[in-house]
Amino acid sequence: MPLSTSPITLAAGGAAGLSGQRNARGEWRPQAPITLPPIACWPPRPLALLKWMFGFPGFLWPMNSLFLAMTLLTWLFLTPALASMQTFELWWIGVLFARNFALVLLVAGGLHLYLHIFRGQGENLQFSNRPLITGSTRTLFGKRFLWGDQVIDNMLRTLGAGVPVITAYEAVTYWAFSNGYIGITGSAASPAGFWVAFVLVLLAAPVIHALHFYLAHRLLHTKLLYRSAHCVHHLNVECGPWSGLAMHPVEQVLYFSTVLVQWLLALHPVHALFQIHLAIFPALVGHSGFEKLLLWRGIGLESGNYFHYLHHKYFECNYGGSLAPLDTVFGTFHDGSAAAQVAMRERMLARRGADT
Ligand SMILES: [Zn+2]
Ligand SMILES: [Zn+2]
């Protein structure tokens, strides 16, 4: 599952941010262990927390504002009028599908071309210098990559299954809002109250995503769901942007069910679209295979994802993201250190002992 799935952060470079080391197997790791965000610190550090949430470089809103802007532009210019979606018709569902297909192709394809084909960043901050897999003789039904090519397999799963799942959730959401099956009435009577609630729900969307992601991901690691669905995403040990949404369709349905929370809150369809975008785009960036996407003078988009890289490498750690540090609560946090590695091994041995 993505990672988105860990949330994406903006971070400055500099010695602490960019230093790391590469071992003989070509695997890169940051110099320092992954640190807990201020939200998980006790006693509280309010100033650090505010900077982490709203500052630059910060954690939450500098980057999520970009996704929010993308959502608003998509809602205003690339979405049919709500009133026209009262009945399911091929034309408007087709419009949603085409624009979702194009946006995913643009972001994942652009990142893949820049990072993995044109090598725009070289090996700088790349987790592993092993190339993405091609030429494998394994088959899809043998739970290996379709046509032996990781990128083709990932693209087909993303565009062929992920985009239809996204579009289906979106279409049902607009249809339900359009018919008044969900949605709050009476906003005209209290416009100020409506806008306060509107902003609060927007601010809550990344938290909703993080909580839903952690819980759904733990569910996917139960034996039945792992073997029947989630193992498909874990075929990707070294990841690229197309790996982010490369999942079994069952996992895609579960992963994007985060939008159902917005059906319950039922305030405005743009919240649902933002919730969906938070599940799409951070996952694509977060699986880029690089710790940061360098922009200028060491400042980069931190895909945040040595944390999630360790999940792909070891399976039994780092199920969530640092926005909702539930891994620290449930004892599955791996900070990349040798001590965390020992703790994870002991945890796995204890679990195997309990299973036998
Ligand atoms: Zn997993
Ligand atoms: Zn993943």
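Residues numbered from 1 in each chain as written. Chains lettered and ligands numbered in written order. Predicted model: local features only at pLDDT ≥ 70, side-chain atom pairs only at ≥ 80, totals over all residues. Heavy atoms only, no water.

Enquirer: Where do I start with the coordination of the zinc ion (ligand 1) in this structure?
Expert: In ideal tetrahedral geometry, four donors around a metal make angles of 109.5 degrees, whereas ideal octahedral geometry with six donors gives angles of 90 or 180 degrees. Coordination of the zinc ion (ligand 1) by the protein is provided by H217 (NE2), H221 (NE2), H230 (NE2), H234 (NE2) and H311 (NE2), with metal-donor distances spanning 2.1 to 2.2 Å. Mapped onto the sequence, the donors of the zinc ion (ligand 1) take the spacing H-x3-H-x8-H-x3-H-x76-H. By the burial criterion, H217 is buried, and H221 matches it. (Donors = N, O, S within 2.8 Å, 3.2 Å for Na, K, Ca; no water. Buried < 20%, exposed > 50% of the residue type's maximum accessible area, 1.4 Å probe, protein only.)

Enquirer: Just to check I follow, could you spell out the nonpolar core for this structure?
Expert: Side chains of nonpolar character tend, in soluble globular proteins, to be buried together. Grouped together as the largest cluster of nonpolar side chains are 50 residues, with contacts concentrated most on L245, Y255, F256, I280 and L284. Where this core is concerned, the elements lending two or more residues are α3 (61–77), α4 (90–117), α5 (150–178), α6 (191–220) and α10 (269–286). Among the nonpolar cores identified, the runner-up in size contains eight residues, and F127, Y306, L310 and C317 belong to it. (Core = buried A, V, L, I, M, F, W, Y, C linked by side-chain atoms within 4.5 Å. Helix = DSSP H or I, 4+ residues; strand = E, 2+ residues; numbered from the N terminus.)

Enquirer: How should I be thinking about the environment of P38 in this particular structure?
Expert: Relative to the assigned elements, P38 resides in the loop between β3 (28–30) and α2 (46–54). With residues up to four places along the chain from it excluded, the contact list for P38 reads A48, L49 and W52. (Contact = heavy atoms within 4.5 Å.)

Enquirer: Got a minute to help me understand the packing of α5 against α10 in this structure?
Expert: To characterise two packed helices, one gives the angle between the axes of the helices and the distance between these axes. Their axes nearest at 10 Å, the elements α5 and α10 cross at an angle of 170°. Relative to α10, the element α5 lies roughly antiparallel. Touching I166, E170, T173, Y174 and F177 of α5 are P269, A272, L273, I276 and I280, all from α10. Residues belonging to the contact of α5 with α10 are distributed by class as follows: eight nonpolar, one polar and one charged. (Axes fitted to C-alpha atoms, helices over the stretch in contact; angles between N-to-C directions. Parallel < 35°, antiparallel > 145°, perpendicular 65-115°, else oblique. Nonpolar A, V, L, I, M, F, W, Y, C, P; charged D, E, K, R; others polar.)

Enquirer: What's the story with unusual backbone geometry in this structure? I'm lost.
Expert: Peptide bonds are mostly trans, and most non-glycine residues show a negative phi. At F315, a residue that is not glycine, the phi angle is positive and equals roughly 70°. Relative to the assigned elements, F315 resides in the loop between α11 (306–314) and α12 (326–330). Given a relative accessible area of 28%, F315 falls into the partly exposed group. Positive phi values are uncommon outside glycine, yet N318 reaches one of about 50°. With respect to the helices and strands, the residue N318 is situated in the loop between α11 and α12. N318 gets classed as buried once you look at its relative accessible area, which sits at 0%.

Enquirer: What's the story with the packing of aromatic side chains in this structure? I'm lost.
Expert: Evaluation of the coordinates by the stated rule reveals 18 aromatic pairs. An angle of 45° between the planes, with centres 5.8 Å apart, marks the rings of F127 and Y306 as tilted. Note that F127 is positioned in the loop between α4 and α5 and Y306 in helix α11, a separation of 179 residues in sequence. We classify F127 as buried; its relative accessible area is 4%. With a centroid separation of 6.4 Å and an interplanar angle of 80°, the aromatic rings of F213 and Y255 are classed as edge-to-face. Of this pair, F213 sits in helix α6 while Y255 sits in helix α8 (residues 249–255); the two residues are 42 residues apart in sequence, bridging distant segments of the chain. Residue F213 is classed as buried on the basis of its relative accessible area of 1%. In this structure Y255 comes out as buried when scored by relative accessible area, which is 1%. Just above the ring of Y319 sits the side chain of R218; from NZ or CZ to the centre is 4.3 Å. (Phe/Tyr/Trp six-rings, centres within 6.5 Å; stacked < 30°, edge-to-face > 60°. Lys NZ or Arg CZ within 6 Å of the ring centre and 35° of its normal.)

Enquirer: Help me understand the pattern of salt bridges, please; the structure alone is not making it clear to me.
Expert: Two side chains carrying opposite charge are able to pair once their charged atoms lie near each other. According to the stated counting rule, one finds seven salt bridges in the structure shown. For the salt bridge of K313 with E27, the shortest nitrogen-to-oxygen distance reads 3.3 Å. Taken as a pair, K313 in helix α11 and E27 in the loop between β2 (20–22) and β3 lie far apart in primary sequence, 286 residues in all. Look at K313 and you get partly exposed, because its relative accessible area is 25%. Where E238 meets R130, a salt bridge forms, and the shortest distance between an N and an O atom there is 2.7 Å. Highlighted residues: E238 in the loop between α7 (223–234) and α8 and R130 in the loop between α4 and α5, separated in sequence by 108 residues. Judged by relative accessible area, which is 34%, R130 ranks as partly exposed. (Salt bridge = Lys/Arg side-chain N within 4 Å of Asp/Glu carboxyl O.)

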